[in-house]
Amino acid sequence: MNAPHQIPVGFSRTLRLREMLQSNQLEFLMEAHNGLSARIVKEAGFKAIWGSGLTISAQFGVRDNNEASWTQVVDMLEFMADASDLPILLDGDTGYGNFNNVRRLVKKLEQRGIAGVCIEDKQFPKTNSFLNGERQPLAEMDEFCGKIKAGKDSQSDPNFSIVARVEALIAGWGMEEALKRAEAYRQAGADAILIHSKLSKPDEILTFAREWAGRGPLVIVPTKYYSTPTDVFRQAGISTVIWANHLLRGAASTMQAIAKEIHSSETLVNVEDRVASVNEIFRLQDAEEYSAAESVYLSSASASRNAVVLAASRGAGLEAVTADKPKVMLPIAGKPLLRRLVEAFKKEGINDITVVGGYRADAIDTSGIRLVVNEKHEHTGELASLACAAKSFTADTVISYGDLLFRSYILRDLVESDSDFCVVVDSSQTPGPGVASTDFAYCSTADDRALFGQKVWLESVTSSAGPANLNSPQGRWMGLLNVRGAGRKRLVATLGQLQQRDDFAKLDMAALLNALIEAGERIEVQYVHGHWRGVNDLDELRRAGDFAHGQAPYGSNGSASAEAGA
Ligand code: SPV
Ligand code: MG
């Protein structure tokens, strides 16, 4: 048979525990009492766990007298088995009843991935062995043999282990009785014998081991004779040592000290550096796996998303109404533009919203958003503002002008795009007198109903930084860009390269789109035909009010027809 350290972790937990019990070298089980401690035992390097009756009952705040029901114990074991892939040997007390209860226990433990159970020859309900030892009634030996047989007969995995615990020394019945019982339990089918002693010296255990003479694996619990060098157990031919309760005791003394300190000092400052960080708790809970799974399994609509809103400008052409506030705080049908935009994002489940303010940033309503300020807004353009929000690209991100009003399907369709970059282009807008010449979009194909389902790609956008090109564009870029997945990193890199340019302060979003295209990125175009408004002058501000009224829910004062026909 292989030595246990050669058993690959992928092997079943039952086999791993069985191998430990049977190996020629001394093995160790470490106590755990819940999922967190089970994880900690595994990380410390132990190969198996002792599911201690004392510590599981203590962490529930009840006594080690079967006050917690056996199903409550088994539920806790399930958390432990989930938190750690180590084999668990349950301290099953007396088996929680007669032979029939043991049969059901074994079945339930197997179903929950527990590797074995230790049952002791006392009477139900038991008392901890270190309390009133002499008054602890032992079970009748034959009856206990029946329990062992019943357990062995009911296991379906041949490697599930049943350890028989002899309490004769604890109850003061003497060595001869202990040896007699151990032999009977061995013959009844026990996979190992746990011989327990409450003396502060290992004398009883060593005598027992000598007399036992290797008839089967011996397990010990040196809680009381803890000062014995571990090599003494090795030389005595002990199979397995159980460190039975030390994590719970360590947790209790630490919790007592911390509770006392915080209570008396009324501050956390003295304890913060002496306790595990919150991040360490997240790590022990495997929070990282959750985030990874989220990106695989959450539908793109509900995955976490960010928005960055460019809102630094006062608005050329709006000076008359922006003396005390930036353009995004102008009320449209009674509600500021920015609030309408934030509501549109929230409706799409986009709750992490960074707004880059500049002019009169102090007047921006910051509820539900994170405000960052482009301090140099007077002398810089859109990309300088976007760079202020570079830290916000922690998830798929929608970058938006701050002065947009739009029908909700536009944002929904944009974030559902599976392209790394996607923009919305309004094919109803063409250059003309009184229309700003920037943001006109040249696309691989013009808008056409026959396009449905085919992808269209952006080829360039007119930018204040580039040569004017008004040769029949296919529409106007609305000021919405979605960046997803690996595209985020590439966008930040391109932005970084543009920052090296002398004219960076003057660059607009269109310059970024053009730089991405020049770098070989494919930017998907989603066409719309109206259904949105930008606000660049007083006339557009008035029309935005009409549009907003047309968007108001039925039954409110808005008219449903005002936005029709865009
Ligand atoms: C336990 O850990 O619950 C045990 C060992 O049974 S002892 O407390 O030493 O009895
Ligand atoms: Mg116990």
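That block above? That's the structure.
**Examining the side chain of S463**
Here's step 1: Mapped onto the secondary structure, S463 falls in the loop between β18 (456-461) and β19 (475-483).
Here's step 2: Among the polar contacts listed, one links the side chain of S463 to the backbone nitrogen of A465, at a separation of 2.9 Å.
Here's step 3: Not counting residues within four places of it along the chain, the set of residues in contact with S463 comprises T438, D508, A510, A511 and N514.

**Comments concerning the pattern of salt bridges**
Here's step 1: Going through the model one piece at a time under the given rule, you end up with 39 salt bridges.
Here's step 2: The partner of K126 in a salt bridge is E120, and the shortest N-O contact between them spans 3.6 Å. E120 matches K126 in its accessibility class, with the two residues each being buried.
Here's step 3: One network of salt bridges, with partners in common, ties together D64, D93, E120, K122, K126, R165 and E167.

**Some remarks on the environment of S197**
Here's step 1: Residue position: S197 is located in the loop between β6 (192-195) and α8 (203-212).
Here's step 2: Along the backbone, S197 and K126 are 71 residues apart, and their C-alpha atoms lie at a distance of 16 Å.
Here's step 3: Not counting chain neighbours up to four residues away, the residues in contact with S197 comprise F130, I170, E204, I205 and Y225.
Here's step 4: Here the side chain of S197 touches L199 through a polar contact of 3.2 Å, landing on its backbone nitrogen.

**Overview of the site of ligand 1**
Here's step 1: In the vicinity of ligand 1, the residues found are W50, S52, G53, L54, D91, N128, S129, F130, R165, H196, V221 and A244.
Here's step 2: Residue N128 places a side-chain N or O atom 3.0 Å away from an oxygen atom belonging to ligand 1.
Here's step 3: Between H196 and ligand 1, the recorded distance is 2.9 Å, taken from a side-chain N or O atom to an oxygen atom.
Here's step 4: Residue composition of the shell around ligand 1, grouped by class: five nonpolar, five polar and two charged.

**Some words on the environment of A441**
Here's step 1: As for its placement among the helices and strands, A441 is situated in strand β17 (residues 440-443).
Here's step 2: Residue A441 is classed as buried on the basis of its relative accessible area of 0%.
Here's step 3: Residues A441 and D426, 15 residues apart in the sequence, show an inter-C-alpha distance of 8.8 Å.
Here's step 4: In this structure A441 touches V425, L458, S460, P473, Q474, G475, R476 and W477, once residues within four positions along its chain are discounted.

**Comments concerning the nonpolar core**
Here's step 1: L386, F406, L458, L481 and M509 are the most contacted members of the largest nonpolar core, which has 66 residues in total.
Here's step 2: Once residues lying within four places of it in the same chain are set aside, the contact partners of M509 are L310, E382, L383, L386, I399, Y401, W477 and L481.
Here's step 3: I49, V74, I220 and I238 belong to the second-largest nonpolar core, a separate cluster that totals 56 residues.

About the thresholds
- Throughout, a residue's number is its position along its own chain's written sequence, starting from 1.
- As a convention, the first chain written is A and the first ligand written is 1, with the rest following in written order.
- Two thresholds apply to this predicted model, a pLDDT of at least 70 for residue-level local features and 80 or more for giving and counting side-chain atom pairs, whereas whole-chain, interface and lining totals are computed over all residues.
- Calculated side-chain values reflect all of the structure's heavy atoms, with hydrogen atoms and water omitted.
- Helix numbering and strand numbering both begin at the N terminus, where a helix is a DSSP run of H or I of at least 4 residues and a strand a DSSP run of E of at least 2.
- Nitrogen and oxygen atoms within 3.5 Å of one another constitute a polar contact, given that in protein one can donate a hydrogen and the other can accept it, and given that sequence-neighbouring residues count only through two side-chain atoms.
- Whether two residues are in contact is decided by their heavy atoms, any of which lying within 4.5 Å being enough.
- Basic side-chain nitrogens of Lys or Arg form a salt bridge, by our definition, when they fall within 4 Å of a carboxyl oxygen of Asp or Glu.
- Note on classification: 1.4 Å probe, protein chains only; a residue is buried when its accessible area is under 20% of the maximum for its type, exposed when over 50%, partly exposed between these limits.
- The criterion for a residue being near a molecule or strand is simple. One of its heavy atoms has to lie within 4 Å of it.
- Residues are grouped as follows: Ala, Val, Leu, Ile, Met, Phe, Trp, Tyr, Cys and Pro are nonpolar; Asp, Glu, Lys and Arg are charged; every other residue, Gly included, is polar.
- We define the nonpolar core as a collection of buried residues of types Ala, Val, Leu, Ile, Met, Phe, Trp, Tyr and Cys that are connected through side-chain atoms lying within 4.5 Å of one another.

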